[in-house]
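Each chain, letter by letter, is given below.
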Number of protein chains: 4
Amino acid sequence: MNLTSELDSAVFTTETKSPSTLYWSDEESRELSLDERVALLTEFQQVRGQTETLIEPLSPEDLQVQSMPDASPGKWHLAHTSWFFETFILEPHSPGYDLFEPTYQHLFNSYYNALGTPFSRLQRGLLSRPRLDQVLAYRHHINGEIERWLTEDEVTSDLANLLVLGINHEQQHQELLLTDIKHALSINPLYPAYKEQEPSAPEDEGAAELRWLKIPEDNYTVGSDGQVFAFDNEGPAHQRYQTPFKIASRLVTNREYLEFLQDGGYRQPRLWLSDGWAHITRCGHAAPQYWREEGGQWQEFTLAGMQPLDLDAPVSHISFYEADAFASWAGYRLPTEFEWEIAAWLHCRKNAQQTANMLESGQFRAVAEIDALFPDAATSDAQFLGNLWQWTASAYQPYPGFRASPDAVGEYNGKFMCNQMVLRGGSCVTPRNHIRISYRNFFYPHQAWQFTGIRLAGDDL
Amino acid sequence: MNLTSELDSAVFTTETKSPSTLYWSDEESRELSLDERVALLTEFQQVRGQTETLIEPLSPEDLQVQSMPDASPGKWHLAHTSWFFETFILEPHSPGYDLFEPTYQHLFNSYYNALGTPFSRLQRGLLSRPRLDQVLAYRHHINGEIERWLTEDEVTSDLANLLVLGINHEQQHQELLLTDIKHALSINPLYPAYKEQEPSAPEDEGAAELRWLKIPEDNYTVGSDGQVFAFDNEGPAHQRYQTPFKIASRLVTNREYLEFLQDGGYRQPRLWLSDGWAHITRCGHAAPQYWREEGGQWQEFTLAGMQPLDLDAPVSHISFYEADAFASWAGYRLPTEFEWEIAAWLHCRKNAQQTANMLESGQFRAVAEIDALFPDAATSDAQFLGNLWQWTASAYQPYPGFRASPDAVGEYNGKFMCNQMVLRGGSCVTPRNHIRISYRNFFYPHQAWQFTGIRLAGDDL
Amino acid sequence: MNLTSELDSAVFTTETKSPSTLYWSDEESRELSLDERVALLTEFQQVRGQTETLIEPLSPEDLQVQSMPDASPGKWHLAHTSWFFETFILEPHSPGYDLFEPTYQHLFNSYYNALGTPFSRLQRGLLSRPRLDQVLAYRHHINGEIERWLTEDEVTSDLANLLVLGINHEQQHQELLLTDIKHALSINPLYPAYKEQEPSAPEDEGAAELRWLKIPEDNYTVGSDGQVFAFDNEGPAHQRYQTPFKIASRLVTNREYLEFLQDGGYRQPRLWLSDGWAHITRCGHAAPQYWREEGGQWQEFTLAGMQPLDLDAPVSHISFYEADAFASWAGYRLPTEFEWEIAAWLHCRKNAQQTANMLESGQFRAVAEIDALFPDAATSDAQFLGNLWQWTASAYQPYPGFRASPDAVGEYNGKFMCNQMVLRGGSCVTPRNHIRISYRNFFYPHQAWQFTGIRLAGDDL
Amino acid sequence: MNLTSELDSAVFTTETKSPSTLYWSDEESRELSLDERVALLTEFQQVRGQTETLIEPLSPEDLQVQSMPDASPGKWHLAHTSWFFETFILEPHSPGYDLFEPTYQHLFNSYYNALGTPFSRLQRGLLSRPRLDQVLAYRHHINGEIERWLTEDEVTSDLANLLVLGINHEQQHQELLLTDIKHALSINPLYPAYKEQEPSAPEDEGAAELRWLKIPEDNYTVGSDGQVFAFDNEGPAHQRYQTPFKIASRLVTNREYLEFLQDGGYRQPRLWLSDGWAHITRCGHAAPQYWREEGGQWQEFTLAGMQPLDLDAPVSHISFYEADAFASWAGYRLPTEFEWEIAAWLHCRKNAQQTANMLESGQFRAVAEIDALFPDAATSDAQFLGNLWQWTASAYQPYPGFRASPDAVGEYNGKFMCNQMVLRGGSCVTPRNHIRISYRNFFYPHQAWQFTGIRLAGDDL
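Residues numbered from 1 in each chain as written. Chains lettered and ligands numbered in written order. Predicted model: local features only at pLDDT ≥ 70, side-chain atom pairs only at ≥ 80, totals over all residues. Heavy atoms only, no water.

Quick look at the overall build of chain A
Right, on to step 1. Helix and strand counts for chain A come out as 12 helices and 12 strands.
Right, on to step 2. For 461 residues, the compact-globule estimate of 2.2 N^0.38 gives 23 Å, and chain A sits close to it at 22 Å.
Right, on to step 3. Expressed as lengths along the three principal axes of its C-alpha atoms, the size of chain A is roughly 65 × 55 × 45 Å.
Right, on to step 4. Across the 461 residues in chain A, those meeting the buried criterion constitute 61%.
Right, on to step 5. Restricting the contact set of chain A to residue pairs at least 6 apart, pairs at least 24 apart contribute 80%.
Right, on to step 6. Accessible area of chain A: about 16800 Å², with a carbon and sulfur share of 49%.
Right, on to step 7. Charge separation in chain A, taken as the distance between the mean sites of 34 positive and 63 negative side-chain charges, equals 4 Å. (Helix = DSSP H or I, 4+ residues; strand = E, 2+ residues; numbered from the N terminus. Rg over C-alpha atoms; globule rule 2.2 N^0.38 Å. Buried < 20%, exposed > 50% of the residue type's maximum accessible area, 1.4 Å probe, protein only. Contact = heavy atoms within 4.5 Å. Areas by Shrake-Rupley, 256 points an atom, 1.4 Å probe, with all protein chains shown as cover. Lys, Arg positive; Asp, Glu negative; His and termini not counted. Charge placed at Lys NZ, Arg CZ, Asp CG, Glu CD.)

Written out as structure tokens, the structure reads:
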């Protein structure tokens, strides 16, 4: 069965895969029409504006802090996303463009070694200068220059796609900005909120019942076919022979995870991968990263501050090691990324992300009652999109025939294809039009500061 | 195409897959016949004896040293392999057996957490007691007890297979003993030889010409079908859809690798995986682990001491990061473990390991002129077996349907299925009857103290 | 010879030892007079105000940064000094006082374990909340409460001395604030200035000629006699038998230190203490911390940004290891703290700190031409006070009969009397009325981020 | 009071200060007489032989192990002491001498940077070659060459003193060999004995009563006057003004220390130096290094294996931090090294070391009942010599006028005069004729693997 031919073709419209991001799949590069320029400009402005909306609750001090090597200061995210447009669009493709401040090329390069040694990642939090107001001035300068370029210069579809890449790159950093500030605030004994929120309504109905979605064996096509925007690591589309499997209709809940914990899950080496056991032993981990027990009551640090643990909500901020150990304890396993993708194609309705708990929902955390957010939505989407990135059992490796871009932007994804695991589905802080079913996120198996959760799978049908 | 049905069935005899190791694939456990006991006893004695032959050139001091956390002292290998038989056979299955020394259960447990916390791996080299003579006494005691058990007690085929596992386990440690002592000796400025050897004869003919073996796309069956002995991680046999590929007919040579090095390969971040670049930068690596440059001449530390670099021999003691960077530089890639296995099934003759450079060849290093070792052998085996373990592009993960054994011995392979890469083919220090085409070895991508090398692959046919 | 009896008694007035800080040496505690309260209030307000003047050139981001474990964020210094008054004065001695914010007791405790486990020193830079404006509000609240307490409550001389201790504590943090921000700014490739300054005038005359001050052997009295304010570690006054010695009339200059460097000083292990050699080898040090060579020209990072190295100025930001190695290279040694103190008593004029290069001079760096700053001053003070803290050869240990205060404030000095070296004299960022000849500063021998320099001594008269 | 003039001159014979080690204090170097050569040869042979006697209970494996960076393998001690004679006597002063094996110059150099970069200290335990038998052959070769040189070559008193230095150096390594092997054996869960010993007899009488020796203030002379052999760091002799003090007549016992422990001594930060508290917190120390609690009973690892804690014996293997914290808890302090020396001069009888518990006693641990060892000895020596090295409150720093030797042997003592504390008195594993009252041993304050103990002092007379 070739997935793209067998399923309702309506599912596979551009809108579903990537609902609003523009993209040009023309074989030959061509000049953009005026309408296309306007659409692109609108998208650019919307996304750039959204970043600045996200920092409104934050002070210059909040945006200065780097709370661990994996995280970056908010101010750095603001500057780096601008650096991306300056470095890959304006500098090479906007004739006569002068760098805003040459030292920024060094300071705000993340990891593009082809462009010179980046400023030490570990020291990003030490850059008190430029100040926040200076970084915002840098942003606004870049905005103006891109707007001028889009309206005045010759813009080909190739370059337009590069701009679309920059827009998607900015969206990735919107999510990182929130995950990083969550980590920073969590260290502070004052437990400050990013944004105060009303406590959730009483949850009378509990989490949805877990059903098993069963998928037959076959050769399926997976990966992006290049008709809509996708990162290079999502392609090429290719066939996979898939053995039969079942996959859960929802994520594992806090209640279920608490049962694992209370059953001694963190003290039984047999449940853990060897590296996972070494990791939790060395770090003294005995609960999810943001859980705190006080007086026998479990609480969870959220972007609305410390809150009672919502037992019906999906368990979040879980490392791959924890996800894998939980699955072993429960008698299941994690799905491979291909199983996840095949099941998501088969079970997600068109535009499923429109009724998913994502950045625009304003929740900033995983919730049980998605129906409460979207009362009119069918609940058949099985939480594939939104809420939490879902760890898969798949190591992050290239698809057959994968080739990274030969120029500097080619350092984007390929060089990380070792030691990391694939996550799928987006989270409550992923912008809604940024996610796709073919989207491959990746993190190291010990990392838990992202909005990550667990979906179970199994072999016995 | 199902590989097992399409190819010459003669290839798939027990001999090729696993030429002499015994195995019982009966569905139901049954008692062993006398002949079977004799065969098993002979195999046990041969392998146990071979271990002691290997340590003959070594002093008590040599066998005491642990030169890095990844390695273990030779004396520890001698004791741990005995511990395995005592723990998994004698203690549970030999009625009335008394432990030789109860503390050894703790000291010589490697990583079986289900049996209690093992003695710290990092401190194995600090155990001056038991002395070598005491460890050898422990070995001989275990030998006697196993022999008695095999001849006097009731031995079922299930238990026989457990003993076969112990024999294979001992063979793995024979290889580790040599790789570990090589590392230990290499640190010593006296550069001592494990075993002096005549310098190789002049190599007039150079390395074999590299040919590309081309394999068409299809669904292939890979993995062990359980008819001969195999580790649990080699199964279940299952189908894979394979895109078309080509694979090199021999390993990359020192000459080719030197060209990479001299072209600045270690100074170009674009050739390296991100983690690989971080690793070589942090450690200051600029050449393979055992290469030394002196007066403009490259030398290589071998088990015969420091030797001039043999340019025609396969480059050895290479990390996965180095292998991957070399492949990028050369314009190719590494094969996946499935590509390697499919190609090996198609190109290896029956009993190919009999004419491969393996432990019994007594070379203890990779050589170019395998023909010199085996003048009568056809050279069509493409070096798939022996010489060096070959890094594949595949992360070490479970096959579909993999289940680890539920008891303590189940910690053998499954819990390492994260962060490591698969290697295939065996090496010049692997016992000849230990290797199989389906054999999956695995190490972390930065590790280079094993006898590891590079085979290239590509997509363009 | 008892120093206090033999020398001109005019030298030993309160003014010289501690020119303006108030202190009550009454044997029995008594209530303060109105005038005394006013004097104390004035001093308190002046010092608290000076701290806020010092941060005027700094942004919230600058004050957030902690650039190494030894340093603290400026914002933390602002809060911690307020915490000191709240914890040691208001909470125990101002009836009915309510803590401003209870969590601050934990957040802004530096190292007083008797008051509970302090917030991790390594994470001070991660506390984005309270924000700068909130910390300033905390400061102003404490100011108001202390002012109210001083004017309305019963204040005894004992408590007045505790307040004086708090004032001196605040002055210590004024200096630390500047040394810490200098370190933070130095890491930034933009090399920002704390405060722009005119480049120094051409230095035609060079550094003063070095003379040797010769001191005869005798029993001398050293240490504070308790008649003026002093930290507990400065007493008791006691006798020392001193062998004859000579001591330099000025500090070692950049020119002299550059000669050491260019003579291979950093490459000759024989010049270094064993721990010093290990330290510079491990860290790769080959020049003073703030020196940068660019195009063959040496520059120095200062609080006015990157500047050409002033060859006549004293070499600054030198570790004890560097100071000791330089002295060995020069054929001399460092003075003991007792030699320094005896020489300073004998050679400093009354009120010598009034014409020393200290915080109020506004230079924020060591200068050669002190005469240019104070054209009317005699130059006979031999730079004992101001410019740079001078490493002595003395380990920081208790004086005979030393007793730390039995309550929480007793953790102030005594518990650091191990592994550190004594420095004497104050620096260009020490408040002028904070220094005394008996003042004992102390840092670890590898530390160089303070304003530290070298004075030589010798035995041959 | 000048100590040397006031006390019974009989105390200051060569025998007391350094009972049998030879030494030439002639102002001008002169050739040795035959008798002198014979005496020197006898001493050399006795000490070299004693080293080999000490290793008799040890296997090649025991002598291979390096259990921590501070320790060295026994085999390395055997080789390094030979290297010392080869490097400082034979190579420069025995014409025509050929190095035994040139690589040994690198391998067995400890820390003499002037002689080239030594082999990494951390890797001494990895040198399996040369084997023990080869190292013993090296020793015997050196012995023969020194014997030949002493009998055949021209030997001046200067060179004789260098040989005496080598002999004393060998004695230092005899002690280190035992402390290092004790540490290595202690890590082994088999708790092996270096030498089995009868359990001590029942201790009915308990430890001696603690008396306070009171010493009046005065100017005292301390340090070696150079008339007998002493290390360079023991001189020059010089005056110290000493305030009055009292000092304990015996060491602190295990019983007393246990009381400190049971009173929560390891949990009260106020008792500890700041660095000490950080150290025990980081390392999780809650008892002396070799204490183990099992079933509510305290045991102590000794060179005779694990033994019940002898409550009357002096507490041993104590870090300076522990000693200082105990003293704080007890309401006393540690003596300075000058206080210790003055008291020892005043209270030790002539040849006190002859009735002290030292290496030749064969106890290899601190004992309470020294009288049992020496029934005829007076007990008035106050345990100043033998049993345990006693931590003093003095940082290890040069005496006034100290000059290290200008040649390579000058790296012996001076370069360690930073960050370490002075210990006095020798221990149960110090050779009897190696100790002197002026002897200054030194270790880092966190180190506890030496035989170290506590003597209290105080100010209140």
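And the narrative resumes.
With respect to the arrangement of the chains
Right, on to step 1. For the non-touching pair chain B and chain C, the nearest C-alpha separation works out to 14 Å.
Right, on to step 2. Kept free of each other, chain A and chain D leave a smallest C-alpha distance of 14 Å between them.

Digging into the pattern of salt bridges
Right, on to step 1. Evaluated as defined, the whole model comprises 79 salt bridges over all chains.
Right, on to step 2. The salt bridge involving R30 of chain D is made with E36 of chain D; its shortest N-O contact spans 2.7 Å.
Right, on to step 3. One salt-bridge network, in which partners are shared between bridges, spans R48, E52, R139 and E170 of chain A. (Salt bridge = Lys/Arg side-chain N within 4 Å of Asp/Glu carboxyl O.)

Digging into the interface of chain B and chain D
Right, on to step 1. At the interface, 34 residues of chain B touch 34 residues of chain D.
Right, on to step 2. Taking both partners together, chain B and chain D bury about 2400 Å²; carbon and sulfur atoms supply 65% of that area.
Right, on to step 3. Between chain B and chain D we count 2 salt bridges in total.
Right, on to step 4. Between D62 of chain B and R129 of chain D there is a salt bridge, and its shortest N-O distance comes to 2.8 Å. (Buried area = accessible area lost by both parts, 1.4 Å probe.)

Things to note about the interface of chain C and chain D
Right, on to step 1. Contact residues are listed per partner, giving 39 residues for chain C and 39 residues for chain D.
Right, on to step 2. For the chain C face of the interface with chain D, the top three residues by lost area are Y241, R270 and N419 of chain C, together amounting to 21%.
Right, on to step 3. Inspection of the chain C/chain D interface yields 2 salt bridges.
Right, on to step 4. In this structure, D459 of chain D engages R403 of chain C in a salt bridge whose closest nitrogen and oxygen atoms are separated by 3.6 Å.
Right, on to step 5. Counting across the chain C and chain D interface gives 12 residue pairs in polar contact (both at pLDDT 80 or more).
Right, on to step 6. The set of elements that each furnish at least two residues to the side of chain C that touches chain D consists of β3 (238-242), α9 (274-283), α10 (320-330) and β8 (389-395) of chain C.
Right, on to step 7. Taken together, the residues of the side of chain C that touches chain D sort by class into 19 nonpolar, 11 polar and 9 charged. (Polar contact = N/O pair within 3.5 Å; in protein donor to acceptor, adjacent residues only side chain to side chain. Nonpolar A, V, L, I, M, F, W, Y, C, P; charged D, E, K, R; others polar.)

So, the relation of the copies chain C and chain D
Right, on to step 1. Overlaying chain C with chain D gives an RMSD of 0.0 Å, the required rotation being 180° about an axis along which the chain moves by 0.0 Å. What the rotation and shift describe, once combined, is the action of a two-fold rotation axis. (Least-squares fit on C-alpha atoms with pLDDT ≥ 70 in both.)

Notes on the packing of aromatic side chains
Right, on to step 1. With the rule as written, the count across this model stands at 158 aromatic pairs over all chains.
Right, on to step 2. Seen from their ring centres, F229 of chain B and F231 of chain B are 5.4 Å apart, and the 75° between their planes marks the pair as edge-to-face. Each member of the pair F229 of chain B and F231 of chain B is classed as buried.
Right, on to step 3. Relative to Y399 of chain D, the ring of F338 of chain D lies with its centre 6.0 Å away and its plane at 45°, an arrangement referred to as tilted. Here the residue F338 of chain D occupies a position in helix α11 (residues 337-347), and Y399 of chain D occupies one in the loop between β8 (389-395) and β9 (421-424), the gap between them amounting to 61 residues. Just as F338 of chain D is buried, Y399 of chain D falls in that class too.
Right, on to step 4. One cation-aromatic arrangement involves R240 of chain A over F338 of chain A; the distance from NZ or CZ to the ring centre is 3.8 Å. (Phe/Tyr/Trp six-rings, centres within 6.5 Å; stacked < 30°, edge-to-face > 60°. Lys NZ or Arg CZ within 6 Å of the ring centre and 35° of its normal.)

Let's talk about the side chain of T430 of chain D
Residue and element names in this part refer to chain D.
Right, on to step 1. Tracing the sequence through the fold places T430 in the loop between β9 and β10 (441-443).
Right, on to step 2. Residue T430 is classed as buried on the basis of its relative accessible area of 0%.
Right, on to step 3. If we skip the residues at most four places from it in the chain, T430 touches E175, M358, L359, E360, W389 and I435.

With respect to the sheet that holds strand β11 (residues 452-453) of chain B
Residues and elements named next belong to chain B.
Right, on to step 1. Spatial strand order, β10-β9-β8-β11: 4 strands in an open sheet with mixed pairing. Two strands bound the open sheet, and with one partner strand each, they are β10 (441-443) and β11.
Right, on to step 2. Strand direction decides the pairing type here: strand β9 (residues 421-424) and β10, joined by 3 bridges, are antiparallel. Counted as the bridge partner of V422 is F442 from β10.
Right, on to step 3. Sheet contacts for helix α11 (residues 337-347): β8 (389-395) and β9; angle to β8, the most-contacted strand, approximately 130°. (Pairing = 2+ DSSP bridges. Axes fitted to C-alpha atoms, helices over the stretch in contact; angles between N-to-C directions.)

Some points on the sheet that holds strand β12 (residues 457-458) of chain A
Residue and element names in this part refer to chain A.
Right, on to step 1. Across the sheet, 3 strands lie side by side as β1-β4-β12; this open sheet has antiparallel pairing. Strand pairing shows two members of the sheet lacking a second neighbour, β1 (212-215) and β12, which therefore form its edges.
Right, on to step 2. With 4 bridges connecting them, β1 and strand β4 (residues 245-248) associate as antiparallel partners. Its bridge partner lying in β4, I215 is registered against F245.
Right, on to step 3. Across the sheet, helix α11 (residues 337-347) is in contact with β1 and β4; its angle to β1 comes to roughly 100°.

Structural notes on unusual backbone geometry
Right, on to step 1. The residue after R129 of chain C, namely P130 of chain C, is reached through a cis peptide bond having omega -5°.
Right, on to step 2. Summarising the element assignment, P130 of chain C is placed in the loop between α5 (102-107) and α6 (132-152).
Right, on to step 3. Omega for the bond connecting G235 of chain C with P236 of chain C falls within 30 degrees of zero, at 0°, which places this linkage in the cis form.
Right, on to step 4. With respect to the helices, strands and loops of the structure, P236 of chain C is situated in the loop between β2 (218-222) and β3.
Right, on to step 5. A positive phi is found at H317 of chain A, a non-glycine position, where the angle reads about 55°.
Right, on to step 6. Mapping H317 of chain A onto the fold places it in the loop between β7 (305-308) and α10 (320-330).
Right, on to step 7. Note on H317 of chain A: relative accessible area 0%, which makes it buried.
Right, on to step 8. At N351 of chain C, a residue that is not glycine, the phi angle is positive and equals roughly 60°.

With respect to α6 of chain C
Right, on to step 1. Here α6 of chain C is 21 residues long and its end C-alpha atoms lie 30 Å apart, about the 30 Å a rise of 1.5 Å per residue gives.
Right, on to step 2. Of the residues making up α6 of chain C, those classed as buried are L132, V135, Y138, R139, I142, N143, E145, I146, W149 and L150 of chain C. (Expected span 1.5 Å × (residues − 1).)

So, the side chain of E339 of chain A
Residues and elements named next belong to chain A.
Right, on to step 1. Looking at the secondary structure, you find E339 in helix α11.
Right, on to step 2. A distance of 2.9 Å separates polar atoms of two side chains, one belonging to E339 and the other to R333.
Right, on to step 3. Look past the residues within four positions of E339 in its chain and what remains in contact with it is Q242, F245, I247 and R333.

As for the confidence of the model for chain A
Right, on to step 1. Residues with a pLDDT of 70 or more make up 92% of chain A, whose mean pLDDT is 91.
Right, on to step 2. With a pTM of 0.93, the predicted complex shows an ipTM of 0.93. (pLDDT = per-residue confidence, 0-100.)

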